[in-house]
Amino acid sequence: MQAKLSVDASGRVMDCWILHSSGHRSLDGATCNILRQRARFAPARNGEGKAVPSVVVTPPVRWQLEG
């Protein structure tokens, strides 16, 4: 599973899109919810050093149930 995140100028995730599904809609939705609530980034900066919105693509995530 892999996601694309819209990040605002303060480093907070504003939106999430699934690029490669886990195959389970509930896991994809939970992943985006967790990223929106918990993920924080150092803001991107333009050539003048001003914080600007950006886009981040997550590394692949593999969900696995123990058991």
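Above: the structure in question.
Residues numbered from 1 in each chain as written. Predicted model: local features only at pLDDT ≥ 70, side-chain atom pairs only at ≥ 80, totals over all residues. Heavy atoms only, no water.

Enquirer: Hey, could you run me through the overall build of the chain in this one?
Expert: Looking only at helices and strands, the chain has one helix and five strands in total. Helices and strands appear in the chain in the N-to-C order β-β-α-β-β-β. When its C-alpha atoms are laid out on the principal axes, the chain stretches across 50 × 20 × 15 Å. Counting every position in the chain, which comprises 67 residues, the buried fraction comes to 21%. In the chain, 49% of the contacts between residues at least 6 apart in sequence involve partners at least 24 apart. If the 9 positive side-chain charges of the chain are averaged to one point and the 5 negative ones to another, these points end up 2 Å apart. (Helix = DSSP H or I, 4+ residues; strand = E, 2+ residues; numbered from the N terminus. Buried < 20%, exposed > 50% of the residue type's maximum accessible area, 1.4 Å probe, protein only. Contact = heavy atoms within 4.5 Å. Lys, Arg positive; Asp, Glu negative; His and termini not counted. Charge placed at Lys NZ, Arg CZ, Asp CG, Glu CD.)

Enquirer: What is the right way to read the packing of aromatic side chains from this model?
Expert: Two aromatic rings, taken as a pair, are described by how far apart their centres are and by the angle between their planes. Enumeration over the complete set of coordinates arrives at zero aromatic pairs. One residue, Lys4, lies across the ring of Trp17, its end atom 5.9 Å from the ring centre. (Phe/Tyr/Trp six-rings, centres within 6.5 Å; stacked < 30°, edge-to-face > 60°. Lys NZ or Arg CZ within 6 Å of the ring centre and 35° of its normal.)

Enquirer: How should I be thinking about the sheet that holds strand 2 (residues 13–20) in this particular structure?
Expert: What holds strands together in a sheet is hydrogen bonding between their backbones, with the strands either parallel or antiparallel. Taken in spatial order, the three strands make up an open sheet running 2-1-5, and their pairing is antiparallel. Strands at the two margins of the open sheet, each flanked by one partner only, are strand 2 and strand 5 (54–57). Geometrically, the sheet is characterised by an average inter-axis angle of 20° between neighbouring strands, direction not taken into account. Note: strand 1 (residues 2–7) against strand 5, four bridges, orientation antiparallel. (Pairing = 2+ DSSP bridges. Axes fitted to C-alpha atoms, helices over the stretch in contact; angles between N-to-C directions.)

It is worth stressing that arrangement in space is one thing and function is another; only the former is reported here.
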